[in-house]
Amino acid sequence: MSSVAVLCVTGASPYPDPMNTCGLVGALESSRVLSRFQNQRVSNGRKNQTTWSSSSCVMSCRRRRRSSVVSSSLVVNPAGEMTLSSEEKVYNVVLRQAALVNQQLIRSTSPVLDDVKKPQDIIVRPGSLSLLGEAYDRCGEVCAEYAKTFYLGTLLMTPERRKAIWAIYVWCRRTDELVDGPNASHITPMALDRWEARLEDLFRGRAFDMLDAALADTVTRYPVDIQPFRDMIEGMRMDLRKSRYNNFDDLYLYCYYVAGTVGLMSVPVMGIDPKSNATTESVYNAALALGIANQLTNILRDVGE
């Protein structure tokens, strides 16, 4: 995703040292704190509700001329007000995604709650299957052309999951191209608003073109929620209005928008091994962390170049 504009987390100094301004070190430490606290929530059991404690997971980041607090629950903004941290905002999305998957699992194993749509139950119009097949094939061609190693990885999946991942990849690529492609200089916030409205229509089954049709079909077959897609568009809006982030909390949210969202989109399609003892929530957290780590790596690479 887009990352050239983001250089690093900066402090007051015009020549910041990212290792001293909560850059990579902040990312790793913040992830450890969040992981420990989330594991504690899981070990307490699903019936015991645990509240987030700002005192139990606060990390202070000392900077040259000023300091701020980065917390996995609450942060202090420049005005001295306590607000939800980016990690907590994103974690709420994770919980929603995990709940969708768990709901589908319950329905698929219950003789009463059997109204979940299965691929073989979806009614299609005569002749539309061939067009839909062409749409998925085209998504595969785009993936093979622009993401060669990723495409090879998808070949290890089952045919149905492979096609769905292709459809998600193509939508993400088209979204990224809006602000990073050849016409990026002509893209306005209004254009992104129109793209989001088109996304809403897509999730209602109204596709504008062949590539949209593939994703519209995918979201009827898997418990894919629209929120990560909306959030990715929000990341494109951030690319239009800013190119520098003053603290890791803001950078974390940006990394979620443009990369962590991909993990949340993909898990419902890739699925979770029934033999796995991992909770649905922990799987989503791992996918989220992988996406954010990839984006931080992209940023460091761009700084080096």
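Above this text you will find the structure in question.
Enquirer: So what's going on with the overall build of the protein? Which residues, and what values?
Expert: Scanning the protein for helices and strands turns up ten helices and four strands. Along the protein, helices and strands appear, N-terminal first, in the series α-β-β-β-β-α-α-α-α-α-α-α-α-α. For the protein, long-range pairs separated by at least 24 residues make up 68% of all intrachain contacts whose partners lie at least 6 apart in sequence.

Enquirer: Residue-level account of the packing of aromatic side chains, with values.
Expert: In the structure shown here, the tally under the stated rule is eight aromatic pairs. Ring centres of Tyr256 and Tyr257 lie 5.6 Å apart, and the angle between their planes is 45°; on these two criteria the pair is classed as tilted. Each member of the pair, Tyr256 as well as Tyr257, is classed as buried. Grouping aromatic residues by their ring pairs yields a cluster made of Trp171, Trp195, Phe203 and Phe229. Positioned above the aromatic ring of Tyr136 is the side chain of Lys163, whose terminal nitrogen or guanidinium carbon lies 5.0 Å from the ring centre.

Enquirer: Describe empty space enclosed by the protein, and please don't skip the residues or the numbers.
Expert: In total, this model carries two cavities of 30 Å³ or more according to the counting rule given. Looking at the largest cavity, its volume works out to about 50 Å³. Along its surface, the largest cavity is lined by Tyr136, Glu160, Lys163, Ala164, Asp217, Thr218, Arg221 and Tyr222. Looking at the lining of the largest cavity, the elements that each hand over two or more residues are α5 (159-180) and α7 (210-221). Residue classes in the lining of the largest cavity are distributed as three nonpolar, one polar and four charged.

Enquirer: Quick rundown of the environment of Arg161? Include the residues and the values.
Expert: In this fold, Arg161 is placed in helix α5. Separated by 109 residues in the primary sequence, Arg161 and Met270 have C-alpha atoms spaced 6.4 Å apart. If sequence neighbours within four positions are ignored, Arg161 has contacts with Tyr222, Pro268, Val269, Met270 and Gly271.

Enquirer: Break down the packing of helix α6 (residues 189-203) against α7 for me, with residues and values.
Expert: Across the interface, α6 lies against α7 with an axial gap of 8 Å and an inter-helix angle of 50°. Considering their axes alone, α6 and α7 lie oblique with respect to each other. Counted together, Arg198, Leu202 and Phe203 of α6 and Asp212, Leu215, Ala216 and Val219 of α7 form the full contact between these two elements. Looking at the contact of α6 with α7 residue by residue, the classes come out as five nonpolar, no polar and two charged.

Enquirer: I'd like a rundown of the packing of α5 against helix α8 (residues 227-241), residues and numbers included.
Expert: Following both chains from N to C, one finds α5 and α8 inclined at 15°, their axes separated by 9 Å at the closest point. With respect to each other, α5 and α8 are oriented roughly parallel. Crossing geometry of α5 relative to α8 is assigned as right-handed. On α8, the residues that touch Trp171, Cys172, Thr175, Asp176 and Val179 of α5 are Phe229, Met232, Ile233, Met236, Asp239 and Leu240. Of the residues in the contact of α5 with α8, the class split is eight nonpolar, one polar and two charged.

Enquirer: For α6, give the residues involved together with the corresponding values.
Expert: With 15 residues, α6 should reach 21 Å at 1.5 Å per residue; the first-to-last C-alpha distance of 21 Å fits that figure. Where α6 is concerned, the buried positions are Ala191, Leu192, Trp195, Glu196, Arg198, Leu199, Glu200, Asp201 and Leu202. Phi for Gly205, located one or two positions after α6, is positive at around 95°.

About the thresholds
Residues numbered from 1 in each chain as written. Predicted model: local features only at pLDDT ≥ 70, side-chain atom pairs only at ≥ 80, totals over all residues. Heavy atoms only, no water. Helix = DSSP H or I, 4+ residues; strand = E, 2+ residues; numbered from the N terminus. Contact = heavy atoms within 4.5 Å. Phe/Tyr/Trp six-rings, centres within 6.5 Å; stacked < 30°, edge-to-face > 60°. Buried < 20%, exposed > 50% of the residue type's maximum accessible area, 1.4 Å probe, protein only. Lys NZ or Arg CZ within 6 Å of the ring centre and 35° of its normal. 1 Å grid on protein atoms, 1.4 Å probe; cavity = no way out; pocket = protein on both sides within 12 Å on 5 of 7 lines; lining within 4 Å. Points joined across faces, edges and corners; volume = space filled by probe spheres on them. Nonpolar A, V, L, I, M, F, W, Y, C, P; charged D, E, K, R; others polar. Axes fitted to C-alpha atoms, helices over the stretch in contact; angles between N-to-C directions. Parallel < 35°, antiparallel > 145°, perpendicular 65-115°, else oblique. Left-handed = near helix turned anticlockwise from the far one by under 90°. Expected span 1.5 Å × (residues − 1).

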